[in-house]
Amino acid sequence: MERSPHTPVPSGALAGAPCWVSLMTHDLAAAEEFYGAVLGWRFRATPLGEEFAVAVGAGGAPAAGIGAVASSLQAGVAWIPYFAVGDADATSARIRERSATVAVGPLTMPVGRAALAADPQGATFGFWAGMTMEGWSVGRGPAPAALRLRTRDAFAAAIFYGEVLGWAAAPGGLDVRYEQDRVRVADRGGTVAELYGGALESPPDPRVRPRWEVHFRVADVAAAAAAATSAGGSVVAPPAQDAVRGGGLVATLRDPDGGVFTVTDA
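This is a predicted model, so every value here is computed, not measured.

**Student:** Would you mind going over the pattern of salt bridges in detail, with residue names and values included?
**Tutor:** Under the definition given, this model contains 8 salt bridges. Its salt-bridge partner being E194, residue R148 comes within 3.1 Å of it at the nearest N-O pair. Here R148 is found in strand β10 (residues 146-150), whereas its partner E194 is found in strand β13 (residues 190-196), with 46 residues between them in sequence. Across the pair, E194 and R148 agree in class, each one buried. Between E213 and R211 there is a salt bridge; the shortest N-O distance is 4.0 Å. A cluster of three or more residues bridged by salt bridges with shared partners is formed by R148, R182, E194 and D242.

**Student:** A description of the pairing of β13 should follow, citing residues and the corresponding values.
**Tutor:** Extensive coverage of β13 is indicated by the burial of 5 of its 7 residues. Alignment of β10 against β13, held across 3 bridges, turns out to be parallel. Opposite R148, over in β13, you have E194 as the bridge partner. With 6 bridges connecting them, strand β12 (residues 182-187) and β13 associate as antiparallel partners. Across the sheet, the residue bridging to R182 is Y196, located in β13.

**Student:** Tell me about the sheet that holds β12, and name the residues and values.
**Tutor:** The strand order across the open sheet built from 8 strands is β11-β12-β13-β10-β14-β17-β16-β15, with neighbouring strands paired in mixed fashion. Two strands bound the open sheet, and with one partner strand each, they are β11 (175-179) and β15 (234-241). Within this sheet the neighbouring strands show an average axis-to-axis angle of 25 degrees, counted without direction. Sheet topology note: the strand β16 (residues 249-254)/strand β17 (residues 260-264) ladder contains 5 bridges and is antiparallel. When the bridges of β17 are listed, R254 appears paired with V260.

**Student:** An account of the packing of aromatic side chains is requested, with residue identities and associated values reported.
**Tutor:** As enumerated under the stated definition, the model contains 20 aromatic pairs in all. Both rings, one in F34 and one in Y35, keep their centres 4.9 Å apart while their planes meet at 85 degrees; by these two values the pair is edge-to-face. Neither F34 nor Y35 differs from the other in exposure class; each is buried.

**Student:** Can you lay out the side chain of Q121 for me, pointing to particular residues and giving the numbers?
**Tutor:** Of note, Q121 is situated in the loop between β8 (112-118) and β9 (124-133). Among the polar contacts made by the side chain of Q121, one reaches the main-chain amide nitrogen of R152 at a distance of 3.1 Å. Not counting chain neighbours up to four residues away, the residues in contact with Q121 comprise T151, R152, D153, A156, A157 and P210.

**Student:** Now, about helix α3 (residues 154-165): what can you tell me, with residues and values included?
**Tutor:** Compared with an ideal rise of 1.5 Å per residue, which puts 12 residues at 16 Å, α3 spans 16 Å between its outermost C-alpha atoms and is within 8% of the ideal. Where α3 is concerned, the buried positions are A154, A157, A158, F160, Y161, G162, V164 and L165. At the N-terminal boundary of α3, the capping side chain belongs to D153, with an oxygen 3.2 Å from the backbone nitrogen of F155. Remark: G166 follows α3 within two positions and exhibits a positive phi of approximately 80 degrees.

**Student:** Describe a nonpolar patch on the surface, naming the residues involved and giving the relevant values.
**Tutor:** Together, F155, I159 and Y178 make up an exposed nonpolar region whose accessible area comes to about 280 Å². With respect to the helices and strands, I159 occurs in helix α3. The class of I159 is partly exposed, set by a relative accessible area of 36%.

**Student:** If you had to explain the pairing of β17 to someone new, which residues and values would you point to?
**Tutor:** By the criterion of burial, β17 is predominantly enclosed, with 5 of the 5 residues buried. Of the two faces of β17, the one holding V260, T262 and T264 and the one holding F261 and V263 are both buried throughout. One ladder, built from 3 bridges, connects strand β14 (residues 211-217) with β17; its direction is parallel. Pairing of H215 across the sheet is with T262, part of β17. Following β16, the chain reverses through 5 residues before pairing antiparallel with β17; G258 in that reversal takes a positive phi of roughly 105 degrees.

**Student:** Tell me about the confidence of the model for the chain, and please be specific about residues and values.
**Tutor:** Regions with low pLDDT carry predicted coordinates that are not meant to be interpreted in detail. Taken as a whole, the chain shows an average pLDDT of 86; of its residues, 86% reach a score of 70 or greater. Per-element confidence in the chain ranges from a low mean pLDDT of 63 for strand β1 (residues 8-10) to a high of 97 for helix α4 (residues 221-230). Within the model, pLDDT remains below 50 along residues 1-5, and this stretch shows 5 contacts once partners closer than five positions in the same chain are excluded.

Rules and cut-offs
Residues numbered from 1 in each chain as written. Predicted model: local features only at pLDDT ≥ 70, side-chain atom pairs only at ≥ 80, totals over all residues. Heavy atoms only, no water. Salt bridge = Lys/Arg side-chain N within 4 Å of Asp/Glu carboxyl O. Helix = DSSP H or I, 4+ residues; strand = E, 2+ residues; numbered from the N terminus. Buried < 20%, exposed > 50% of the residue type's maximum accessible area, 1.4 Å probe, protein only. Pairing = 2+ DSSP bridges. Axes fitted to C-alpha atoms, helices over the stretch in contact; angles between N-to-C directions. Phe/Tyr/Trp six-rings, centres within 6.5 Å; stacked < 30°, edge-to-face > 60°. Polar contact = N/O pair within 3.5 Å; in protein donor to acceptor, adjacent residues only side chain to side chain. Contact = heavy atoms within 4.5 Å. Expected span 1.5 Å × (residues − 1). Patch = residues over 30% accessible without salt bridge, like charges linked within 9 Å, V, L, I, M, F, W, Y side chains within 5 Å. Areas by Shrake-Rupley, 256 points an atom, 1.4 Å probe, with all protein chains shown as cover. pLDDT = per-residue confidence, 0-100.

So this is what it looks like as structure tokens:
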């Protein structure tokens, strides 16, 4: 029997790949209204309670999560990528051993355990140990088109995430390659993350504020930017050629609560 693209599988089977993205916000209803207007999402409830919702795109496929938890966790409003791990406690220990921070958790939830962390350069990310959907993957369907870490030192960041998340640590793991001025992380031939921050041979750039960028696909970048402004958000960077890949348009937007994300027509 063919496996459904949304069949739950243990997170440990995904070898450190991105398994979800979630917005931490203050007002769930307001976030649903904004992202529905800009990205065309609909929303459904989750077993995690009234403070959480799942955004769904075309055909009802899951796109992302939204949780009104920024205040309760004393965290800033942000889009955060989550990476699949087999053991949340072991991952937490590896993060601390490398002079990074586990800020929240691991927290026990109905179907797994989650935590928020910051890498040594300050970029926030999450990790998840539990059941997840094998078919959800960056670049597929309504899931994010790209995850990019904008950091000061791409080489050092690749070593950190590779060791913490087990990238390329075993047969079947993710493929990590250094290409020109960035690090490309691929799963079964598809790019799931990119790390960039200048040429690998150059010294770290102190002006860069490290963060993970979540890129969502839209049909019309300019129209999405206009919709964001009309819905109470703002344009951080207007539509322009993608400087990393050199193809397609991208624009960076901010929702009314301060969450920053990128739209692309790639």
